[in-house]
Amino acid sequence: YTIWNFVPKNLFEQFRRIANFYFLIIFLVQLMIDTPTSPVTSGLPLFFVITVTAIKQGYEDWLRHKADNEVNGAPVFVVRSGSLVQTRSKNIRVGDIVRVAKDETFPADLVLLSSDRADGTCHITTASLDGETNLKTHYSVAETSVCQSVSRLEALQAVVECQQPEADLYRFVGRITVTQHGEEIVRPLGPENLLLRGARLKNTKEIFGVAVYTGMESKMALNYKCKSQKRSAVEKSMNTFLIIYLGILLFEAILSTILKYAWQAEDKWDEPFYNYKTEQERNSISILKFISDFLAFMVLYNFIIPISLYVTVEMQKFLGSFFIGWDLDLYHEESDQKAQVNTSDLNEELGQVEYVFTDKTGTLTENEMQFRECSINGTKYREVNGKLVPEGMTDDSPDGSVPHLIGDEMLFLKAVSLCHTVQISYDQPDCLGGGGDPFSHVNGFSSSHMEYYASSPDEKALVEAAKRIGVAFTRSNGDTMEIKTFGKSEKYKLLHVLEFDPNRRRMSVILQTPSGTVLFTKGAESAILPFTTSGEIEKTRLHVDEFALVRSRLYSCFYLNAFHFARTALQQREEKLQEAFSYIEKDLQLLGATGVEDKLQDKVQETIEALRMAGIKVWVLTGDKHETAVSVSLSCGHFHRTMNILELLQQRSDNECAEQLRRLARRIKEDHVIQHGLVVDGASLSLALREHEKLFMEVCKNCSAVLCCRMAPLQKAKVVRLIKISPEKPITLAIGDGANDVSMIQEAHVGIGIMGKEGRQAVRNSDYAIARFKFLAKLLLVHGHFYYIRISTLVQYFFYKNVCFITPQFLYQFFCLFSQQTLYDSVYLTLYNICFTSLPILVYSLFEQLVHPHVLQNKPGLYRDISKNSLLSFRTFLYWTLLGFCHAFVFFFGSYILMGEDTTLMGNGQMFGNWTFGTLVFTVMVITVTLKLALETHFWTWMNHFVTWGSIAFYFIFSLFYGGIIWPFLHTQDMYFVFVQLLSSGSAWFAIIIIVITCLFPDVVKKVFYRHLQPTNTQKSCDVCCFISQPFPDVFSNLSDLYLSLYVCVWVCSLPFSASLCLCSCRRCIPTVWQ
């Protein structure tokens, strides 16, 4: 939307809320018919609520638009009129030729035309799209690759034809027709020619590309979901409760209308002497009169629907969200980033999460691979100061000496340095700074100006490790590979590269050496060992098992005396390639194995374990390869070593997928004692969701952990939605750091973005943003716990105090012949929810802490106490509602019994009137509902004291001021001197005290017995904390403790005084303010 249509759109959203729409109708009814109360009593609160909510939501949306404009307004260079012109990314049109420099992101989907390389290739990373940090090579067609200058691009005549935009990141079909010397040359275009928006240019100085998909038609944008309005479970409960209260209102209005006409059936009450009917009233139609009376009663009782509830909830969410940003425990010092809140409407939802869906790359890991150890010819080695040292030995050689490596070790390091597809960049002058590699000059050569770019992160880590040890890969020019072995240069002719593919799960290089042709192969354990015939196979297998928590790669070699590699056929190309690879990669000699670890973020394992103890299931959804994903899941504790790992991989048909799912279900039932983990890939998931959704869900729900790999962005969102709409309707949370995670972040009930290295798309589209995954534990277990308890009490308390407010008005009608006479003055009606009782509950909902934050973090199981929206269950709602009705009856009939009939409470013999009676009821009510909240408060700050006692004092001061002056702008002055007269009676003061105590005493006794007989886990934690810390100091820091001690000692003598002291909140022993 724009600034011009914000108001109508915002009003539409707000009036979708039942309470707002209801009060609008009431306001219109008050304008149209003669009602007992002024339209101001409904119109003013409604205007206040709508205005405050619009300002709050407008501010949050303005922050989002500001972030979006930073991306859409990013500067880019396009070729126009023979020169490079700077413009904004949002101004790029299809057909524009765009220049992108190194380390910049592509602003649109571009077909590569040329690069600064002679062969027209470039390297990119797509981590923000599919989570893969490896380097990918993209190509331009030969006819355009020579256009490396603006002038040649301006002279280029070409037409690009391609398919309609689609969301699949890995599919692109098109062709380019280039006109040269009057001849049209047609070349095919595929995914290798397309540079996707959001990807980043690496190891290439600059490229030129023509825009084919822009804006919302780019593949990245098509993988976004349309952002919908998220509503929390608490808000849904509020709407349900409002409907129930609307039913109560309709019942009271209909009953009052019927009783009025039943009463007026007698002539003496139909038209008494003091209230003769007008001619118009006598001639009015009965049905219209009935409807008019019904609407009048609706207006009289309308305050049972608490309109100020919504504005208080909005203010609580908005102000409470600042605590997340202020929490120093969520601040990341290294990156100078604090947590941020983009949508405060979902604060309490953080306390209800049952499923967490997390990305892997950049969310659980740091995107940094580290070489840990290796096994060479059955001996385990580790790296110490740039040297290979056998296990159990120390590095005793003097610094700077060249290590002595035997033949097997040297051959293994050469295999590591040569068996890869790593690219080298030499233009890195900033590497000379102090932050460089401390071993860059080790072992006879300098690498200050050399940087590796790899097709997979573990390849880069292995080549860098070999370089540190002394065997460095230094150059590759297409058909020649050069390494330096401790400073001595060696060149090898590259005959062929057998690329990695997910079926073989290995890759090979064929090299020409002085001693003949050699094949080096590397891959996963299951892809190498079956094809080896010599070497220390069993010892290496044991070492690989010990490398289980890191990523292992096995290296083998095979010498070929004569090799003729047939060119692949055009038909059945993939099958013939597989046959050729199988023929070549066999009878291998095993050289050794490596262990490379993808560096996890700090405290990831502890965070996942805490979430699991809190009853939250964690699913990892990643676009990365199966092996990589499983390796990280094991290392981060998502999968345990004792867990039975089930696999649903590479399913090719519906029947095959269904049969595998049934096998997995049977295995789970047979081994029900063991914990199970499930691994599923994107292709198999598509088949499972097509026709076997229930069976797939059954398997998933019986697994402790689920890992989905090779997932497209929209598939991630589908998985989240699958759980979200399941019969249990669990609350879901999605967390990620890249553009490929945006869809699932938007689909989940709560979306959290990680402020990672791959752009800010996830952060901008999330509800909350944190710098590291470890902060998720405190965000849920502490902030979520607090927010949910606060807002749950706020909602229940609002309904309670409004029942207390309106029920006496309903009871009063039985004593005034249902004449629609109001019990309270109209000013009291207007200010009850806005001024007299609003601030205490608002402050409570901002600062209340039932348990200390450290207890919540150390005992994640306490999170289960508030799960499933337990504090807003129908049973709890019924308790608060009945309590409100009970208190209302005590207010009304307690005051009625006091005043009785013909009873004088004044020293001069005068009697109280109906306005004094209503004011007495109102005074008792304001004091009781305020003290009731004080009993519920466990954490007292100076702010709580100020607003609690200040609200009561403000009511007395206002009433004295309002009733003590004749206001010239008021048509009637019914309350003149009423409050002063009430307070001048000692009997009235005594009645106020007795009624308040009568209302609150049963509630206090209930708290005592429930705390002793049925304590919750949270209350047990509080009690343990109290006993360990200090049992007596600051005993009465909680007002409820004062009441408990006083009442239990005086009224319940059977309970010892010390027992009441033990019931205090743990806030007593740790009276710290929010950090």
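Rules of the game
- Residues numbered from 1 in each chain as written.
- Predicted model: local features only at pLDDT ≥ 70, side-chain atom pairs only at ≥ 80, totals over all residues.
- Heavy atoms only, no water.
- Helix = DSSP H or I, 4+ residues; strand = E, 2+ residues; numbered from the N terminus.
- Buried < 20%, exposed > 50% of the residue type's maximum accessible area, 1.4 Å probe, protein only.
- Contact = heavy atoms within 4.5 Å.
- Areas by Shrake-Rupley, 256 points an atom, 1.4 Å probe, with all protein chains shown as cover.
- UniProt positions renumbered as here; feature names shortened; annotations may be inferred.
- Polar contact = N/O pair within 3.5 Å; in protein donor to acceptor, adjacent residues only side chain to side chain.
- Pairing = 2+ DSSP bridges.
- Axes fitted to C-alpha atoms, helices over the stretch in contact; angles between N-to-C directions.
- Core = buried A, V, L, I, M, F, W, Y, C linked by side-chain atoms within 4.5 Å.
- Domains from an automatic or database assignment.
- Salt bridge = Lys/Arg side-chain N within 4 Å of Asp/Glu carboxyl O.

Visitor: Before we go on, may I ask you to explain the overall build of the protein chain in this structure?
Guide: Along its length, the protein chain carries 38 helices and 34 strands. Across the 1075 residues in the protein chain, those meeting the buried criterion constitute 55%. Considering only contacts in the protein chain between residues 6 or more positions apart, those separated by 24 or more positions represent 75%. Put simply, the protein chain shows about 46,900 Å² of open surface, and 58% of that area lies on carbon and sulfur atoms.

Visitor: Would you explain the UniProt feature "active site" (unreviewed entry) in the protein chain in this entry?
Guide: The sites that UniProt annotates as "active site" (unreviewed entry) are Asp359. Using a relative accessible area of 0% as the deciding quantity, one classes Asp359 as buried. Leaving out residues up to four positions away in the same chain, Asp359 has contacts with Leu364, Leu621, Thr622, Lys716, Ile735, Gly736, Asp737, Asn740, Asp741 and Met744. Within the structure, the side chain of Asp359 is placed 3.3 Å from the side chain of Lys716, a separation counted as a polar contact.

Visitor: What am I meant to see in the sheet that holds strand S8 (residues 174-180) here?
Guide: Here we have three strands laid out as an open sheet, ordered S7-S8-S9, and antiparallel in their pairing. The outermost strands of the open sheet, each flanked by one partner alone, are strand S7 (158-162) and strand S9 (183-189). Between one strand axis and the next, the sheet turns by 15° as a mean value, whatever way the strands run. Taken together, the seven bridges between S8 and S9 define a ladder with antiparallel strand orientation. From the neighbouring strand, Arg175 faces S9, where its bridge partner is Pro188.

Visitor: Teacher, can you tell me more about the nonpolar core here?
Guide: Where a protein is soluble and globular, its nonpolar side chains tend to be buried together. Ile305, Val795, Phe805, Tyr824, Phe922 and Met925 are the most contacted members of the largest nonpolar core, which totals 93 residues. By residue number, the principal contributor to this core is helix H27 (residues 775-812), which donates 16 residues. Inspection of this core shows a minimum of three residues originating in each of domain 1 (1-73) and domain 3 (236-267 + 285-305). With near-sequence residues (within four places) excluded, Phe922 lies in contact with Phe805, Tyr824, Tyr828, Tyr832, Phe836 and Tyr955. With 54 residues, the next largest nonpolar core counts Val353, Ile616, Ile731 and Phe847 among its residues.

Visitor: Even after reading the chapter, I still don't get the pattern of salt bridges, so can you show me in this structure?
Guide: Note that side chains of opposite charge can pair when their charged atoms are close. In the structure shown here, the tally under the stated rule is 30 salt bridges. Among the ionic pairs, Arg187 bridges to Glu143, the shortest N-O distance being 2.7 Å. Of the two residues, Arg187 is situated in strand S9 and Glu143 in helix H5 (residues 142-145); the sequence distance between them amounts to 44 residues. Overall, Arg187 belongs to the partly exposed group, its relative accessible area being 35%.

Visitor: Which parts of the structure should I look at to understand the sheet that holds strand S12 (residues 206-213)?
Guide: Two strands in a sheet stick together by hydrogen bonds in their backbones, pointing the same way (parallel) or opposite ways (antiparallel). With antiparallel pairing, six strands are arranged side by side in an open sheet as S2-S1-S3-S12-S4-S10. The open sheet terminates on both sides in strands that have one partner only, identified here as strand S2 (83-88) and strand S10 (194-195). Relative to strand S3 (residues 97-101), strand S1 (residues 75-80) runs antiparallel, the two being bridged by three bridges. Paired with Val79 across the strands is Ile97, a residue of S3.

Visitor: Would you explain the side chain of Ser375 in this entry?
Guide: Positionally, Ser375 belongs in strand S15 (residues 365-376). Owing to a relative accessible area of 0%, Ser375 belongs among the buried residues under this scheme. Among the polar contacts listed, one links the side chain of Ser375 to the side chain of His543, at a separation of 2.7 Å.

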